[in-house]
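Breakdown of the fold
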Amino acid sequence: MMGQIQAWIEGTLAPVDVMDAHREGIRHRAVSIFVMDGEKLLLQKRSENCLQSPGLWSNTCCSHPDWGERPETCALRRLREELGIEGLYPAHADRIEYRMDIGDGLVEHEVTDIYIAYAQRGLTVNPDPELVSETRWIGLYDLGAEVRRYPDRFSRWLRFYMQEHISRILPALIC
């Protein structure tokens with residue numbers, strides 16, 4: 001259950017309820033993780049139980065650091081909680097700020113720390129069915145083509161990353 005996250009209120013970091021942050025469009029911290037196996041990205045399809053973008057494909061996982069939690073700790077926690085993935089060491093790749101309507105009266109105004117983790121052969125993925133309905137590996141070029149052809153199948157933030165920032169997030173893989 002999500003609780004208090006790190007948001008900027010009048011320029012000062014303060015605890016805010018995650019849903020209040022999204023309903024009011026309050027600028028807040030987030031993490032986004034991309035797990036790679038070579039040039040393939042692990043995607044998750046968000047469960048129908050998710051409040052944001054249910055039933056849509058997204059990058060490996062995204063979340064918000066709890067109040068007082070470091071972004072890298074949040075990244076490790078969410079890989080474990082959402083996908084049952086342990087033993088990876090995500091590296092900080094970038095920080096991206098954006099503001100967008102994500103539907104259902106919710107707005108994301110996020111300062112997102114982006115992490116990349118490289119999977120070892122035989123990585124075990126055990127998604128929590130309350131959070132994730134499916135996973136799949138897909139090549140970045142195939143993902144780009146699929147996002148362009150069927151944008152409504154993907155979370156708005158993944159579409160944004162693919163369209164605006166993929167060369168910043170995964171520069172070594174984009175030639």
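Residues numbered from 1 in each chain as written. Predicted model: local features only at pLDDT ≥ 70, side-chain atom pairs only at ≥ 80, totals over all residues. Heavy atoms only, no water.

Here we come to the overall build of the protein. Secondary structure summary: the protein contains four helices and nine strands in total. The C-alpha atoms of the protein give a radius of gyration of 15 Å, which matches the 16 Å a tight globule of 175 residues would have. Taken over the C-alpha atoms alone, the protein extends approximately 45 × 35 × 30 Å along its principal axes. Going through the 175 residues of the protein one by one, you find that 51% of them count as buried. (Helix = DSSP H or I, 4+ residues; strand = E, 2+ residues; numbered from the N terminus. Rg over C-alpha atoms; globule rule 2.2 N^0.38 Å. Buried < 20%, exposed > 50% of the residue type's maximum accessible area, 1.4 Å probe, protein only.)

If you look at the biggest cluster of nonpolar residues, it comprises 32 residues, and the most contacted ones within it are Phe34, Leu43, Leu143 and Tyr161. Broken down by secondary-structure element, the contributors of at least two residues to this core are β1 (4-9), α1 (18-24), β3 (27-37), β4 (40-46), β7 (91-103), β8 (106-118), α3 (140-149) and α4 (156-169). Top element by residues in this core is α4. It accounts for seven residues. Residue contacts for Leu43: discarding those within four places in its chain leaves Trp57, Ser58, Asn59, Glu134, Thr135, Arg136, Ile138, Leu143, Phe154 and Leu158. Counting 15 residues, the second-largest nonpolar core is a separate cluster that includes Ile33, Cys61, Leu83 and Ala117. (Core = buried A, V, L, I, M, F, W, Y, C linked by side-chain atoms within 4.5 Å. Contact = heavy atoms within 4.5 Å.)

We now examine the environment of Arg78. One can find Arg78 in helix α2 (residues 71-83). Taking the relative accessible area as the measure of exposure, Arg78 reaches 11% and is therefore buried. The spatial distance from the C-alpha of Arg78 to the C-alpha of Leu43 is 14 Å, given a sequence separation of 35 residues. Apart from residues lying up to four places away in sequence, Arg78 is in contact with Cys61, Ser63, Leu83 and Leu131. Looking at Arg78, its side chain comes within polar contact range of the side chain of Glu81, at 2.5 Å. (Polar contact = N/O pair within 3.5 Å; in protein donor to acceptor, adjacent residues only side chain to side chain.)

So, on to the environment of Thr124. Tracing the backbone shows Thr124 in the loop between β8 and β9 (132-139). Overall, the relative accessible area of 48% leaves Thr124 in the partly exposed class.

Our focus in this paragraph is the environment of Tyr161. Among the secondary structure elements, Tyr161 is positioned in helix α4. Exposure remark for Tyr161: the relative accessible area of 0% places this residue in the buried category. As for Tyr161 and Ile96, which are separated by 65 residues in sequence, their C-alpha atoms are 9.3 Å apart. Non-local contacts of Tyr161, meaning those with residues more than four positions away in its chain, are made with Ser32, Phe34, Asn59, Tyr98, Thr112, Ile114, Ile166 and Ile169.

A word on the packing of α3 against α4. Geometry of a packed helix pair, given as the angle between the helix axes and the separation of the axes. It is the contact of α3 with α4, at a shortest axis distance of 11 Å, that shows an interaxial angle of 115°. Classified by the interaxial angle, the pair formed by α3 and α4 is roughly perpendicular. In terms of crossing hand, the pair formed by α3 and α4 is left-handed. From α3, Leu140, Leu143, Gly144 and Val147 reach across to α4, where they touch Arg159, Met162 and Gln163. The residue inventory of the contact of α3 with α4, partitioned by class, reads four nonpolar, two polar and one charged. (Axes fitted to C-alpha atoms, helices over the stretch in contact; angles between N-to-C directions. Parallel < 35°, antiparallel > 145°, perpendicular 65-115°, else oblique. Left-handed = near helix turned anticlockwise from the far one by under 90°. Nonpolar A, V, L, I, M, F, W, Y, C, P; charged D, E, K, R; others polar.)

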